[in-house]
Amino acid sequence: MSYLTIEDLIVRHASGRGTQPVVDGLTFAVEAGEIVGVSGPSGSGKTTVARALLGLLPASADVSGVIRFRGRDLRGLKERELETIRGAEIGIVFQESALALNPVLTVGAQIAEVVHAHTRCDRVTARERALATMADVGFGDYNRRIYDAYPHELSGGQRQRVLIAQAIVCQPTLVVADEPTASLDASARAEVLRLIRRINERQGTAFLLISHSAEVLATTAHRVITMDHGRLTTSARALREPAGPRFDIVPAFSRPANAPNASPIAEMASGTKTHRQQRLLSRARHDVAALAGVDLRIERGSTLGLAGESGCGKSTLARCLAGLEPLDAGEVRIDGVDISSLRGRALLPYRNQVQLIFQDSAAALNPRFTALDIITEPMVVQRVANPTERVLRAVDLMLQVGLPADRLQSRSGEFSGGERQRLAIARALAMKPRLLILDEAFSGLDVETRTRITSLLINLQETHDLTYLCISHDLELLGEFASEVAVMQGGRIVERGETGEVIDEPRHAHTRALLSAMRSQSEGAAA
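First things first, this report covers the structure right here in the doc. (Residues numbered from 1 in each chain as written. Predicted model: local features only at pLDDT ≥ 70, side-chain atom pairs only at ≥ 80, totals over all residues. Heavy atoms only, no water.)

### With respect to the packing of aromatic side chains
Then step 1. One pass over the full model with this rule turns up 1 aromatic pair.
Then step 2. Seen from the ring of Phe139, Arg161 lies directly overhead, with NZ or CZ sitting 5.0 Å from the centre. (Phe/Tyr/Trp six-rings, centres within 6.5 Å; stacked < 30°, edge-to-face > 60°. Lys NZ or Arg CZ within 6 Å of the ring centre and 35° of its normal.)

Quick look at the structure:
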C-alpha cells in the first residue's frame, strides 16, 4: 500500500512577475517502507512539494491536485486535523534550521514538546525520550548540554541534527527530509544516513529524502525521482554500487607568491572566544571554548579553505574576523589595523573590506525586502553611488550569480534555498570587498549551481584581486576551490598546508579521521 500518493499536483505562487507555476502536474507515490529520493537543481520545486504535503505553503499559493496519505486526502483536512498528523505520523526536516527552530526556547524543550503534544506523556518521560533521540542523531555524551542550549548557541550542523531529532522522536510512519545533511560534516552525515537506514529497516518508516547530493541518494534511497522546472523528469531505482573515492584532487589554482614581509589582508593572533551557557535562576554553567588561541594569517589574493566538524569553531572564527563578535582575548588585524577595539562607525571602513556570507541564507535575508532592496541596502547605508547606479549594479550582480534580472522585485521568500544563497553572494559583492568569507555558502547548492558559483568566484578573484576564506565541512569541495587548507578541532587549528598535501598526506589524526569518513561515504559504506 502506498503511504503517500501525489497525483497531478500543481502549485502556483503569485509574485511580482504574475502567477508562476512552481510545481506543474507532479505525480508519484511513496510505498510502505520505501526511501524515495528527490533530486533536481535549485528552484525545481523540491521544497515546495515538501511544504505542500503538510499544508505549510503561504495563503497566496494556489494548490490543486491530490495529496493522499494512507488513504486520507490531506488537502481536505482542517488545520486542527493536520496538526495531529504533523510530527506524529509525518515528520519533517526543514532546510533552514535557523528559521525552523524557536529562538526563545531551548532545543531540548522543542524536541520534548513534540513528544508531549502527541503522546500526552509527562514532562520527565518526554525529556528522556528527547535525550535518547538526540543521542541517536550523534550528540552522544554531550547531548544533555545541547538539550539546554538555545538555537543561536549551536552551530549550523548541530541545529540540523536537532531538526532531525525533532522529526523522528515520535517514530512517524513517514519522514519528509528536505536537505537533512547539507550542513553536516562527513562523519555526522554518515551517522545520520545510517540512522535513516536503520529506522527504515527496523521500524518500516518511509522517507521522502530531498537532496542535491548524488552520494546521499545513491547510498540511502531505494528509488530516485528527478524534478526540473516543477515537473517529474525521471524516476529510477537508485544505484547502490560503490562509486569509489573521488580524491584525485588538483587545486583549482596555486597560492600566489607574496613578497617577503608583505602584510596579509587579515590576521588573527592568539584569538580566544568562550561561549558561556547559563540559564536564569540557575547556578549551572557550561563554558564552551569556541576559539582557543587561534593564530591565522590570510595572504592577499589567496583562497584559504577552513575545514572541521560541526561545532569546532569555524563560524565563530568567521564572525570574529568580520568584526561581528569581539574576541575575549587576542587580536584581529585587517590590513595591519587591529579592529578588536573598534566599535560603531569606526568599524565601517573595515566591514566594507570584509564581507561574510552566512550559512543560513534564509535567516540572513530580510523576508520583507525584494532582491533589489537586499542587494542595494549596503550601498544605501554606506551612501555609495546614486539610485540609478545602485539599480544597475544590482542587475549586474544578479546576472553574475545566475539569477534573472526580472526577479529583482521578488521577495526573498519567493526564491528557493539555492537561489537565496546566490542572492546572498550578490549582496556580499555589492560593496566590492577585498576579503570574502564564505561560511558553508555552498552547502545548499546543487552540483551545477555550485560549479557556476565557484567559477564566478574564481573569475572575480582574478579580475578584482579578491581574497577568500572558504569554510566548509567538505574537504573535497575545498580541494576543488582552495589552494591551501586549515583544519580545526575543538577551537584550535590543528593542521595547515597546501590542499593537495593535506588531503594526500595528512599529518594530524583529526584530518585523517575527516578524510576517512568522507571516503567511507564516497565508497557507499553501509552501517
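### Notes on helix H8 (residues 186-203)
For an α-helix the count is 3.6 residues per turn, leaving residues at separations of three or four pointing the same way.
Then step 1. With 18 residues, H8 extends 25 Å from end C-alpha to end C-alpha; this agrees with the ideal 26 Å at 1.5 Å per step.
Then step 2. Ala186, Ala188, Arg189, Ala190, Val192, Leu193, Leu195, Ile196, Arg197, Ile199 and Asn200 are the residues of H8 that are buried.
Then step 3. Where H8 ends, the next residue or the one after it, Gly204, has phi of about 70 degrees, a positive value. (Helix = DSSP H or I, 4+ residues; strand = E, 2+ residues; numbered from the N terminus. Expected span 1.5 Å × (residues − 1). Buried < 20%, exposed > 50% of the residue type's maximum accessible area, 1.4 Å probe, protein only.)

### Details of the environment of Val30
Then step 1. By secondary structure assignment, the location of Val30 is in strand S2 (residues 18-31).
Then step 2. A relative accessible area of 0% means that Val30 is categorised as buried.
Then step 3. Separated by 25 residues in the primary sequence, Val30 and Thr5 have C-alpha atoms spaced 6.6 Å apart.
Then step 4. Look past the residues within four positions of Val30 in its chain and what remains in contact with it is Ser2, Tyr3, Leu4, Val36, Leu174, Ala206, Phe207, Leu208 and Arg223. (Contact = heavy atoms within 4.5 Å.)

### A short note on the pairing of strand S16 (residues 354-357)
Then step 1. On S16, burial covers both faces: Val354 and Leu356 on one face and Gln355 and Ile357 on the other are all buried.
Then step 2. Bridge analysis of S16 against strand S17 (residues 435-439) gives 4 bridges, and the strand direction is parallel. By the bridge assignment, Ile357 is partnered in S17 with Leu438. (Pairing = 2+ DSSP bridges.)

### Some thoughts on empty space enclosed by the protein
Then step 1. Tallying each qualifying case throughout the model produces 3 cavities of 30 Å³ or more.
Then step 2. Considered as a void within the structure, the second largest cavity measures approximately 60 Å³ in volume.
Then step 3. Within the residue set of the lining of the second largest cavity, elements represented by two or more residues are helix H7 (156-168), strand S7 (174-178) and H8.
Then step 4. The leading source of residues in the lining of the second largest cavity is H8, at 4 residues.
Then step 5. Across the lining of the second largest cavity, the residue classes tally to 11 nonpolar, no polar and no charged. (1 Å grid on protein atoms, 1.4 Å probe; cavity = no way out; pocket = protein on both sides within 12 Å on 5 of 7 lines; lining within 4 Å. Points joined across faces, edges and corners; volume = space filled by probe spheres on them. Nonpolar A, V, L, I, M, F, W, Y, C, P; charged D, E, K, R; others polar.)

### Thoughts on the sheet that holds strand S13 (residues 303-307)
By definition, the strands of a sheet pair up through backbone hydrogen bonds, in either a parallel or an antiparallel sense.
Then step 1. Taking strand neighbours across the sheet as the criterion, the 6 strands line up as S16-S17-S18-S13-S19-S20 in an open arrangement whose pairing is mixed. Taken across any chain shown, the strands that pair with only one partner, and hence form the sheet edges, are S16 and strand S20 (492-498). Along the sheet, successive strands turn relative to each other by an average axial angle of 15 degrees, direction set aside.
Then step 2. Note that S13 and strand S19 (residues 484-489) share 4 bridges and pair parallel. For Leu304, the partnering residue across the bridge sits in S19 and is Glu484. (Axes fitted to C-alpha atoms, helices over the stretch in contact; angles between N-to-C directions.)

### A closer look at a negative patch on the surface
Then step 1. A surface patch of negative charge is lined by Glu498, Glu501, Asp504 and Glu505.
Then step 2. Along the chain, Glu501 falls in helix H18 (residues 499-504). (Patch = residues over 30% accessible without salt bridge, like charges linked within 9 Å, V, L, I, M, F, W, Y side chains within 5 Å. Areas by Shrake-Rupley, 256 points an atom, 1.4 Å probe, with all protein chains shown as cover. Salt bridge = Lys/Arg side-chain N within 4 Å of Asp/Glu carboxyl O. Lys, Arg positive; Asp, Glu negative; His and termini not counted. Charge placed at Lys NZ, Arg CZ, Asp CG, Glu CD.)

### Regarding the environment of Arg72
Then step 1. Relative to the elements of secondary structure, Arg72 occurs in strand S5 (residues 72-73).
Then step 2. In sequence terms Arg72 and Leu56 are 16 residues apart; their C-alpha atoms lie 17 Å from each other.
Then step 3. Non-local contacts of Arg72, meaning those with residues more than four positions away in its chain, are made with Ile67, Leu77, Ile85 and Glu89.

### Points about the pairing of strand S9 (residues 223-228)
Then step 1. Relative to S9, strand S3 (residues 35-39) runs parallel, the two sharing 4 bridges. Looking at the pairing, Val38 lines up with Ile225 of S9.
Then step 2. Judged from the 6 bridges that link them, S9 and strand S10 (residues 231-237) form a sheet pairing that is antiparallel. What sits directly across from Ile225, in S10, is Ser235.

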